[in-house]
Amino acid sequence: MSDGENNDILNVKSEFTTYEENRERAFDLVFNQNKSIFLEGPGGCGKTYLMKELRQYADEHELQFYMTALTGAAAVGVRGTTVHSYAGVGYAREDAEELIKLVRFKTKVSQRWRKTQYLAIDEVSMLSAELLEKLNAVAQAIRNDDRPFGGITLILSGDFFQLPPVKAKFCFESATWRELNLIKIRMMEPKRYPDINYYKMLLRIRKGDQTKDDIKCIKSRVTAFRNLKLDDMEIKPTRLYPTKNKAEIHNNSELSKIPISGRAYRAKDECYKIVKKRGKIISSDQISLTTTSTTEKIFDDLAPAEIRLKIGAQVMLTVNIDFDLELINGSRGVVTALEAGLVTVKFNTNDRIVDKFVEKNSREDWTKNTQKKYNIQLINKNTEESENGNEKEISMDTSIQVSDKINTDEIANDGIELTLGRVGGDAIHEDILYVRWQIPLIVAWAITIHKSQGSSLDCVIGSLGKDIFEHGQAYVLMSRVRRLDGLYLIACHPDNITANPKVLDYDKNDEQSITSNNDEYSVDEVWDNDD
């Protein structure tokens, strides 16, 4: 790095409160004063890292701290789980009263809510006002505490200039957001971006204030894409698309390029009629499945009806298996073997050395939990298409195994292989329990911009063309990479680089609030010093 670049970095950092100052304030507010905070600012400024430091301190001092995020991919980044999984609310389609009943019936989830002291939620730009209200209602009811979130200290993190919740109001528009009285810590010092000029440009694009020079610079990445020799690249850039359909088309195209036969895994669906008494499920009887647009939507939200795979396909895990091994929703790997009802995948472990291996049986665990929850006896049979096209009955073997024959050095260098069978996902709609069994994988050469939020990538290919349809999409796509030379654009329409007017108003009012309340304070540190 040249002296000029070093000076640029120092100049940019001096414009903002440093990470160390923000860290000191966050630790004081959370652990000394039990105040809920909101870490806000653009991507790549240490918000997630600070959340991890807070969690580490809590773990070291045996405090009940839970880390969550709004998407599986973001949960991977914080080594946590989705907020839906933590809260035990599924897709949270039900009203607050029904969700409270559901959570009360889940003993482990209720206990988790009651013992939680600190709850961190990352990527709150995608948290809707409706979901925030429901989570607040559940927390208050389960903890029997009328304070916001039942008295839990919240650590929220996000950037409202990124992607908004889908067809819903921002969480800052809810009454609960105002009641939380969050203390905001604005984090702007760049940590992810060694290319400081690129970071400055992203700050302008974030608010829709891009200059003519910015547009010229962005368009240069269209030329860079045209000169890119993809066939010569062993590790190809991740493709980012604004819609799920576009990503699926690309993935299917890549799959077809593998010159070997594959295997199709069809989902197995079950339905049960739930009988309640005084709000408690007393029995559930299996009923015949009637296919309608509503039932198709419910099942498809649980898992794809069919997954087509080949050896060599890049895939993404869709369930949480082991957090220590980083085998969770959003983890990426490559298919190494296929057989009836089973898929073997090699996952990257980010060079982390692991000392222990585990064996899990998803069918057994899920069946046991679901039987208790819904008072039912689940089917333990399945069918798989035989070589002649007929269906034959096989055992529903859904064990998920981590090989105990791999030593730690091999893990660090070569990943972990898992054999995956079908796992069950369930949802309730109008007193009907819908269960879909499917291999917990999706093909993942390409992902949506939405799914990429919260991640940091070395190299991406995307488009700022006519497919961009949402405020913040262009900014999220561009800010996934650390340097300008890691960005390749198929097209660039400058009019598609926009910021949400609601967020601009919120940011303006919020900035005034932060300025007026940013008084000096003393810190009585509660964490250990290194001196």
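Preceding block: the structure.
On a predicted model such as this, the values are computed, not experimentally measured, just so you know. All residue numbers refer to position in the chain's written sequence, counted from 1. Two thresholds apply to this predicted model, a pLDDT of at least 70 for residue-level local features and 80 or more for giving and counting side-chain atom pairs, whereas whole-chain, interface and lining totals are computed over all residues. Processing note: side-chain calculations cover all non-hydrogen atoms of the structure and skip hydrogens and water entirely.

## Quick word on the overall build of the protein
Move 1: The numbering of helices and of strands both runs from the N terminus, where a helix is a DSSP run of H or I of at least 4 residues and a strand a run of E of at least 2. Along the protein, the regular secondary structure elements total 18 helices and 25 strands.
Move 2: Only protein chains enter the calculation, and the probe is 1.4 Å; a residue is then buried if its accessible area is under 20% of its type maximum, exposed if over 50%, and partly exposed in between. In the protein, which comprises 531 residues, the proportion classed as buried is 50%.
Move 3: Should any heavy atoms of two residues lie within 4.5 Å, those residues are considered in contact. Nonlocal contacts in the protein, meaning residues at least 24 apart in sequence, comprise 75% of its contacts between residues at least 6 apart.
Move 4: Total accessible area computed for the protein in this model is approximately 26,100 Å², and 45% of it derives from carbon and sulfur atoms. Areas reported here follow the Shrake-Rupley algorithm with a probe of radius 1.4 Å; residue values treat only the protein chains shown as occluding.

## Description of the packing of aromatic side chains
Move 1: Aromatic rings from Phe, Tyr and Trp, taking only the six-membered ring of Trp, are treated as a pair when their centres fall within 6.5 Å; an angle between ring planes under 30 degrees marks them as stacked, one over 60 as edge-to-face, and anything in between as tilted. Counted by the stated rule, this structure contains 19 aromatic pairs.
Move 2: Here tyrosine 86 and tryptophan 113 contribute two aromatic rings whose centre-to-centre distance is 5.0 Å and whose plane-to-plane angle is 65°, an arrangement assigned as edge-to-face. One end of the pair, tyrosine 86, is in helix 5 (residues 83–87); the other, tryptophan 113, is in helix 7 (residues 107–115), with 27 residues separating them in the sequence. Like tryptophan 113, tyrosine 86 is buried.
Move 3: Put simply, the rings of Phe38, Phe160, Phe170, Phe172, Trp177 and Tyr506 touch in pairs and so form one group of aromatic residues.
Move 4: Charge-over-ring placement is defined geometrically: NZ (Lys) or CZ (Arg) within 6 Å of the ring centre, and within 35 degrees of the ring normal. The ring of phenylalanine 27 is capped by arginine 23, whose NZ or CZ atom sits 4.4 Å from the centre of that ring.

## Some details on the sheet that holds strand 25 (residues 487–492)
Each strand in a sheet pairs with another by means of backbone hydrogen bonds, the pair being arranged parallel or else antiparallel.
Move 1: Only when DSSP finds a minimum of two bridges between them are two strands counted as paired. Reading across from one edge, 23-7-24-25 is the order of the four strands in this open sheet, with parallel pairing throughout. In this open sheet, the two edge strands, each paired with only one partner strand, are strand 23 (446–448) and strand 25. Across this sheet, the average inter-strand angle for adjacent strands is 25°, counted without regard to direction.
Move 2: Bridging between strand 7 (residues 238–241) and strand 24 (residues 460–464) involves two bridges; their strand directions are parallel. Note on definitions: angles span 0 to 180 degrees between N-to-C directions of axes, and those axes are lines fitted to C-alpha atoms, for helices only across the stretch in contact.

## Quick notes on the nonpolar core
Move 1: Buried residues of nine kinds, namely Ala, Val, Leu, Ile, Met, Phe, Trp, Tyr and Cys, make up a nonpolar core once their side-chain atoms join them within 4.5 Å. In terms of nonpolar packing, the biggest core is built from 57 residues, with Ile155, Tyr198, Ile218, Leu464 and Met478 touching the most fellow members.
Move 2: Residues in contact with isoleucine 218, not counting those within four places in the same chain, are Met201, Ile205, Leu464, Met478, Leu489, Cys492 and Ile497.
Move 3: Counting residues in each nonpolar core, the second largest holds 40 residues, with Val83, Ala87, Ile100 and Leu119 among its members.

## Concerning the sheet that holds strand 2 (residues 65–69)
Move 1: Here six strands make up an open sheet; going across it, the order is 3-2-4-5-1-6 and the pairing parallel. Each edge of the sheet is formed by a strand with only one pairing partner; in this case those strands are strand 3 (81–82) and strand 6 (183–186).
Move 2: One ladder, built from five bridges, connects strand 2 with strand 4 (residues 118–122); its direction is parallel. Looking at strand 4, one finds that alanine 69 is bridged to aspartate 122.
Move 3: Along the sheet, helix 3 (residues 47–60) contacts strand 1 (37–40), strand 2, strand 4 and strand 5 (153–158); its crossing angle with strand 2, the most-contacted strand, is approximately 155°.

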